[in-house]
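Observations on chain architecture
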Amino acid sequence: MDQDICRTRYPILLIHGTGFRDWKHLGYWGRIPDVLRRHGAEVYFGGQDGWATVEENAAALKGRMEELLAQTGAEKLHLIAHSKGGLDARYLLSSLGMGAYAASLTTIATPHHGSETMDLLYRLPKWMFRLAGFFVNSWYRFIGDRHPDFSSVCFQFTTAWAAEFNRQNPDVPGVLYQSYAGAMASFRSDIFMWWQSLLMGLVEGENDGLVTVESARWTGFQGIWRGTGSRGMSHMDEIDFRRRPLKGRDGPVDPVERYVELVSRLKKQGL
């Protein structure tokens, strides 16, 4: 394979999803950054909070983009975002005025249209969310989050919030938008995602354990990552959580190859 197949014109900024941070030795993205770099890509990380709201994380990402543009001398960046990171990125480009500095935004399993499952869960007594939020926020503040807000982030996964967000944050002209979805073959496909996938499947339909295929559809939809047909690809598989190819009856599939293909197409487009 061409060792420069991923040497894009603009650097790449990887934007993580909810519940994780960009730790150096326990990276959110598994082998993906190293493989992209080996194929010529210039890769950086967003570094935003794990449980902050879209607005807070977008503000942090704006500072990060400005820092990288100054550091690299690049005119623009490619943004590749997983899960809620895609909402952070869209707000960053549309509401915070950073669209002029983005060559592309690729979202992977981002809940663009919210979750009907979260609609149901959000009907639970609010004291339950406040109690869960106390523990989640305390822990994430301890490990480095500046503005953790569990309850507000959960609300930002509802369909009503998503509809208003989409109205207020249209795509920015001149930015290449792409989106992907993931899907598990069944709720049994991933031991870490089984109960979430089962619940979402009963309420909404095909999903990767946290986001449905329909919710992940946005501008420039490129298709569904299914991994091996017998296993599918879960929300965690999409970011190479296991740090190895996925095994199935119909052979192995390596999630990293999806990113190499994605970035190599950006290069072919002169971006």
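Sequence order as written defines residue numbering, which begins from 1 separately in each chain. Since the coordinates come from a predicted model, pLDDT governs what is reported: local features require at least 70, and pairs of side-chain atoms require 80 or more to be given and counted, while whole-chain, interface and lining totals use all residues. Think of the side-chain values as coming from all heavy atoms in the structure, minus any hydrogens and water.

Considerations on the nonpolar core
What counts is decided by this rule: Among buried residues, those of type Ala, Val, Leu, Ile, Met, Phe, Trp, Tyr and Cys that are joined through side-chain atoms within 4.5 Å constitute a nonpolar core. When accessible area is computed with a 1.4 Å probe and restricted to protein chains, residues below 20% of their type maximum are described as buried, those above 50% as exposed, and intermediate ones as partly exposed. Only runs of H or I of at least four residues qualify as helices and only runs of E of at least two qualify as strands under DSSP, and these elements are numbered from the N terminus. Residue contacts follow a heavy-atom distance rule, with two residues in contact if any of their heavy atoms lie within 4.5 Å.
Ranked by internal contacts, the top residues of the largest apolar core, which has 28 residues, are Trp29, Leu36, Ile80, Ile108, Tyr259, Leu262 and Val263. Of all elements in the fold, only strand S1 (12–15), helix H1 (32–38), strand S4 (102–108) and helix H10 (255–268) reach the threshold of two or more residues within this core. When residues of this core are assigned to their parent elements, the largest contribution, six residues, is made by H10. With near-sequence residues (within four places) excluded, Ile108 lies in contact with Ile80, Ala81, His82, Ser83, Tyr180, Trp225, Glu238, Tyr259 and Leu262. Among the nonpolar cores identified, the runner-up in size contains 26 residues, and Leu13, Met65, Leu87 and Tyr177 belong to it.

Comments concerning the pairing of strand S3 (residues 77–82)
Threshold: When DSSP finds two or more bridges between two strands, those strands count as paired.
The buried fraction of S3 is high, at six of six residues. What you see with S3 is no split at all: Leu77, Leu79 and Ala81 on one side and His78, Ile80 and His82 on the other are buried throughout. Bridge count between S1 and S3: four bridges; the pairing is parallel. Within the sheet, the bridge partner assigned to Leu14 lies in S3 and is Ile80. In this structure, S3 lies alongside S4, joined through six bridges in parallel fashion. Its bridge partner lying in S4, Leu79 is registered against Leu105.

Section: the pairing of strand S5 (residues 176–182)
Of all seven residues making up S5, six are buried, and the element is well covered by its neighbours. The sheet contact formed by S4 and S5 spans five bridges and is parallel. Directly across from Ile108, in S5, lies its bridge partner Tyr180. Sheet analysis places S5 next to strand S6 (residues 221–225), joined by three bridges and oriented parallel. Along S6, the bridge assignment pairs Gly182 with Trp225.

Brief notes about the packing of helix H2 (residues 54–72) against helix H3 (residues 85–94)
Defined as follows: A fitted line through C-alpha atoms serves as each axis, taken over the contacting stretch for helices, and the angle formed by two N-to-C directions is quoted from 0 to 180°. Each angle gets one of four labels, with under 35 degrees taken as roughly parallel, over 145 as roughly antiparallel, 65 to 115 as roughly perpendicular, and the rest as oblique. Crossings are sorted by hand: turned counterclockwise from the far helix by less than a right angle, the near helix makes the crossing left-handed, and turned clockwise it makes it right-handed. Charged residues are taken to be Asp, Glu, Lys and Arg, nonpolar residues to be Ala, Val, Leu, Ile, Met, Phe, Trp, Tyr, Cys and Pro, and polar residues to be all remaining types, Gly included.
Where H2 meets H3, the closest approach of the two axes is 8 Å, and the angle between their N-to-C directions is 65 degrees. With respect to H3, the element H2 is oriented roughly perpendicular. As H2 packs across H3, the resulting crossing turns out to be right-handed. Contact with H2, carried on its side by Val54, Glu55, Asn57, Ala58, Leu61, Lys62 and Met65, involves Leu87, Asp88, Tyr91 and Leu92 of H3 and no other residues of that element. Its residues assigned to classes, the contact of H2 with H3 shows seven nonpolar, one polar and three charged.

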